[in-house]
Amino acid sequence: ANIQWYPGHMAKAKRQMIEKMKQIDVVIELVDSRIPASSRNPLVEEISSGKPRLLVMNKIDMADRQATADWKDTFESEGVKVHLVNSQTGQGVSTLPDAVHHLTAERRRKLEDKGFRPHADRALILGIPNVGKSTLINRLAGKKIAKIGDRPGITKAQQWIKVGMTMELLDTPGILWPKFDDPRVGLCLAATGAIKEELLDFQEIALFLLKTMLQHYQSSLTNRYQIEKLPKLNGTEADQQTLIDLFDEIGRKRGCLMSGGFIDYDRVSEIIIRDYRSQKLGSLTLEWPQ
Ligand code: G4P
């Protein structure tokens, strides 16, 4: 589900989330493991205003295992706690409340010191569209929660869902807008389907995927498109032509020809993007820690 975000929506969504935060003990920031940096919105930090935060990397089944491990190490070296899940199968989901509970230890101790009995950990899931917020909420709830329209500003009565013995989760996630001032980030978001591809040039997204595969996942190209001799990129302007030649080759192999024998670039692009999203090219991460 893609949302059209306007400055008014953003301001309103931000205000609502800051308001909600008063009821919250822990923020669960959800990202897509294929694009762990590009699927974040830096606003989470500001909205959370010092509350403990858990960065949950979802869709680990769609990402490169080694890259996911590297990202986890990098985030943790920056002091960010990370938890890995596949919300579709439930992998890693049952241990999430424990990870959350760990983060509230200090709050609970303070309450106990004052003679209060600490309540359950009240958590809110935050994230940009399509990272899997609804899927994770349903998993944690163990049932299907009625889906709200993916619209900022449209609210329904929110409810707390009890998850295990220690956690209570708001059944409505906080939806943040994707941030893509940086063109590379835009390509990552479009390639994974987090933003409408019409926002960017179709062929550009496919070329970005091709380039990433040539650099990091050559066997995906050889296996899927039977390319025998892969070209090398050398970081010069000639790379663009190299990529276009490769594009042509895939187009010919796939029969994406128009009259006159010209390659139908839109169709080739569609095939590559579809193959990537449906994991026919494998589980590929699109960005790495610096
Ligand atoms: P959102 O609330 O953050 O917008 O995301 P949502 O839960 O709607 O999930 C977006 C898409 O990602 C859904 O696919 C969902 O099934 C898929 N998804 C969520 N978590 C995972 C995961 O851990 N692994 C994989 N492989 N997929 C995940 P969809 O194509 O929109 O719908 P459908 O496939 O469920 O029909």
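Check the entry above for the structure.
Residues numbered from 1 in each chain as written. Predicted model: local features only at pLDDT ≥ 70, side-chain atom pairs only at ≥ 80, totals over all residues.

Peer 1: What exactly am I supposed to notice about helix α10 (residues 238-253) here?
Peer 2: Across its 16 residues, α10 extends 23 Å between first and last C-alpha, which sits within 8% of the 22 Å expected from 1.5 Å per residue. Along α10, the positions that sit buried rather than exposed are Leu246, Phe247, Glu249, Ile250 and Gly251. Structurally, α10 contributes buried residues whose contacts are with α8 (202-216), α9 (218-225) and α11 (265-277). At the exit of α10 stands Gly255, carrying a positive phi of roughly 65 degrees. (Helix = DSSP H or I, 4+ residues; strand = E, 2+ residues; numbered from the N terminus. Expected span 1.5 Å × (residues − 1). Buried ≥ 20, exposed ≤ 12 C-beta atoms within 10 Å, placed from the backbone. Contact = placed C-beta atoms within 7 Å.)

Peer 1: Is there a simple way to explain the pairing of strand β3 (residues 81-84) in this structure?
Peer 2: Two faces, one strand: in a regular strand the side chains alternate between the faces of the sheet. Examined bridge by bridge, strand β2 (residues 53-58) and β3 share four bridges and lie parallel to one another. Looking at β3, one finds that Leu54 is bridged to Lys81. What joins β2 to β3 is helix α3 (residues 65-77), and the crossover it makes is right-handed. (Pairing = 2+ DSSP bridges. Right-handed = clockwise from strand over helix to strand, strands pointing away.)

Peer 1: Would you mind showing me how to read the site of the ligand here?
Peer 2: Of all residues adjacent to the ligand, which total 16 residues, the nearest are Ser87, Gly132, Lys133, Ser134 and Thr135. Class assignment of the residues belonging to the shell around the ligand gives a composition of four nonpolar, nine polar and three charged. (Near = placed C-beta within 6 Å. Nonpolar A, V, L, I, M, F, W, Y, C, P; charged D, E, K, R; others polar.)

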